[in-house]
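Next come the chains, spelled out residue by residue.
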Amino acid sequence: MNKSIQQKGAHVTTRRLLDMKQNGEKISMLTAYDYTMARILDRAGVDVLLVGDSASNVFSGHSTTLPITIEEMIYHAKAVVRGVHAESGRAMVVTDMPFMSYQLSGEEALRNAGKIMKEHECDAVKLEGGRVIADTVKRITDVGIPVMGHLGLMPQSIYKYGSYRVRAQEEREAEQLLEDAKILEQAGAFAIVLEKIPSALAAQVTKSLTIPTIGIGAGVACDGQVLVINDILGLNREFHPRFVRQYADLNTVIEQAAKQYVGDVRKGDFPSVDESY
Ligand code: KIV
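The rules behind the values
Residues numbered from 1 in each chain as written. Predicted model: local features only at pLDDT ≥ 70, side-chain atom pairs only at ≥ 80, totals over all residues. Heavy atoms only, no water. Helix = DSSP H or I, 4+ residues; strand = E, 2+ residues; numbered from the N terminus. Rg over C-alpha atoms; globule rule 2.2 N^0.38 Å. Buried < 20%, exposed > 50% of the residue type's maximum accessible area, 1.4 Å probe, protein only. Contact = heavy atoms within 4.5 Å. Areas by Shrake-Rupley, 256 points an atom, 1.4 Å probe, with all protein chains shown as cover. Lys, Arg positive; Asp, Glu negative; His and termini not counted. Charge placed at Lys NZ, Arg CZ, Asp CG, Glu CD. pLDDT = per-residue confidence, 0-100. Core = buried A, V, L, I, M, F, W, Y, C linked by side-chain atoms within 4.5 Å. Patch = residues over 30% accessible without salt bridge, like charges linked within 9 Å, V, L, I, M, F, W, Y side chains within 5 Å. Salt bridge = Lys/Arg side-chain N within 4 Å of Asp/Glu carboxyl O. Right-handed = clockwise from strand over helix to strand, strands pointing away. Pairing = 2+ DSSP bridges. Near = heavy atom within 4 Å. Polar contact = N/O pair within 3.5 Å; in protein donor to acceptor, adjacent residues only side chain to side chain. Nonpolar A, V, L, I, M, F, W, Y, C, P; charged D, E, K, R; others polar.

1. Here we look at the overall build of the protein chain
In step 1: The secondary structure content of the protein chain amounts to 12 helices and 8 strands.
In step 2: Taking 2.2 N^0.38 as the reference for a compact globule, 277 residues should give roughly 19 Å; the C-alpha atoms of the protein chain span a radius of gyration of 20 Å, in line with that estimate.
In step 3: Along the first, second and third principal axes, the C-alpha set of the protein chain runs to 65 × 45 × 40 Å.
In step 4: Taken across its 277 residues, the protein chain has 49% of its residues classed as buried.
In step 5: Across the protein chain, contacts joining residues at least 24 apart in sequence account for 59% of those joining residues at least 6 apart.
In step 6: Counting only carbon and sulfur atoms, one obtains 52% of the accessible surface of the protein chain, whose full area is about 13900 Å².
In step 7: Looking at the protein chain, you have 31 positive and 35 negative side-chain charges, and the mean spots of the two groups are 2 Å apart.

Encoded structure:
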């Protein structure tokens, strides 16, 4: 947490998220990848901004989250932190550790988590996985870096699953997920994202943990909700999964605005005298 944020007072911390769970206050989280959007979202009162590795999809146009690098994540995260600082400084900023930045060894994971924290002063990192990464989560949290977990559909494992379908519908996988959530809590995670799992299971996990759960396609019982900003703004015309609520149609708004601009330029209507020096 940056000093200017501390002075502003109301910065959302891991402690605050825990209190929110205990008080039954829902946590709002959205992804952000750039300075301008981070400013708007902080102003809107979003509790947590996730610099998601979904930037690989929605920002860079890759078909999965796997290609994004730690340097690219840091680039996005720096811009988001700057945006939050430029506004109220209230939102917590969590940065995804990208594919293969934490899986090789605990030591490398710690080095990369430290690099993320040092280079842009975000509040926490997020890792995908359960028991397999428990030692790594412990190692990172032990040195004082807060870790958010991520269970259910883990997009970095998409080639293992072979599809983006709902996870943990069968009893064995559901039991494993519940166990993984408890293991992550034990390892020191301060919150866990639950992606695309049955609502009843998400409710059970939420009840079993003292740390908050943040759902995406996991029903209303989670302690908070997260969505990808591009999805709620309707920026991607082709992507309409059931778990997304679209609050705007910016795809159309932007296309119309760009068309008007093109028309004005072609007609010689832009710039006007008032818009010239
Ligand atoms: O990268 C991301 O956007 C995420 C959310 C889907 C939770 O991890």
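Picking up where we left off.
2. Digging into the confidence of the model for the protein chain
In step 1: In the predicted model, the protein chain carries a mean pLDDT of 96, and the fraction of residues at 70 or more is 97%.
In step 2: In the model of the protein chain, helix α1 (residues 3–8) stands out as the element of lowest mean pLDDT, 49, in contrast to strand β6 (residues 191–195), which has the highest, 99.

3. Side note on the nonpolar core
In step 1: In terms of nonpolar packing, the biggest core is built from 77 residues, with Leu49, Val125, Leu127, Ile140 and Leu194 touching the most fellow members.
In step 2: Counting residues per element, this core draws most heavily on helix α5 (residues 70–86), at 7 residues.
In step 3: Those residues in contact with valine 125 that lie beyond four places of it in its chain are Val94, Thr95, Met97, Ala113, Ile116, Met117, Ile140, Ile145, Pro146, Val147 and Met148.
In step 4: Counting 5 residues, the second-largest nonpolar core is a separate cluster that includes Leu153, Met154, Ile158 and Tyr161.

4. What about a nonpolar patch on the surface?
In step 1: Together, Tyr261, Val262, Val265 and Phe270 make up a nonpolar patch on the protein surface, roughly 340 Å² of accessible area in all.
In step 2: When you line up the elements, phenylalanine 270 lands in the segment after α12 (250–267).

5. Description of the pairing of strand β7 (residues 213–216)
In step 1: Where burial is concerned, the two faces of β7 agree: the one with Thr213 and Gly215 and the one with Ile214 and Ile216 are both buried.
In step 2: Regarding the hand of the β-α-β motif, the stretch spanning β6, helix α10 (residues 199–208) and β7 is right-handed.
In step 3: Bridging between β7 and strand β8 (residues 224–227) involves 2 bridges; their strand directions are parallel. Among the inter-strand pairings, isoleucine 214 is bridged to a residue of β8, identified as glycine 224.

6. Focus: the site of the ligand
In step 1: Lining the immediate surroundings of the ligand are 13 residues, of which Gly52, Asp53, Ser54, Asp96 and Lys126 lie closest.
In step 2: Aspartate 53 is positioned such that a nitrogen or oxygen atom in its side chain is 3.0 Å from an oxygen atom of the ligand.
In step 3: At 2.9 Å from an oxygen atom of the ligand is found a side-chain nitrogen or oxygen belonging to lysine 126.
In step 4: Protein chains shield 96% of the accessible area of the ligand, which is 260 Å² for the free molecule.
In step 5: Considered class by class, the residues forming the shell around the ligand number 5 nonpolar, 4 polar and 4 charged.

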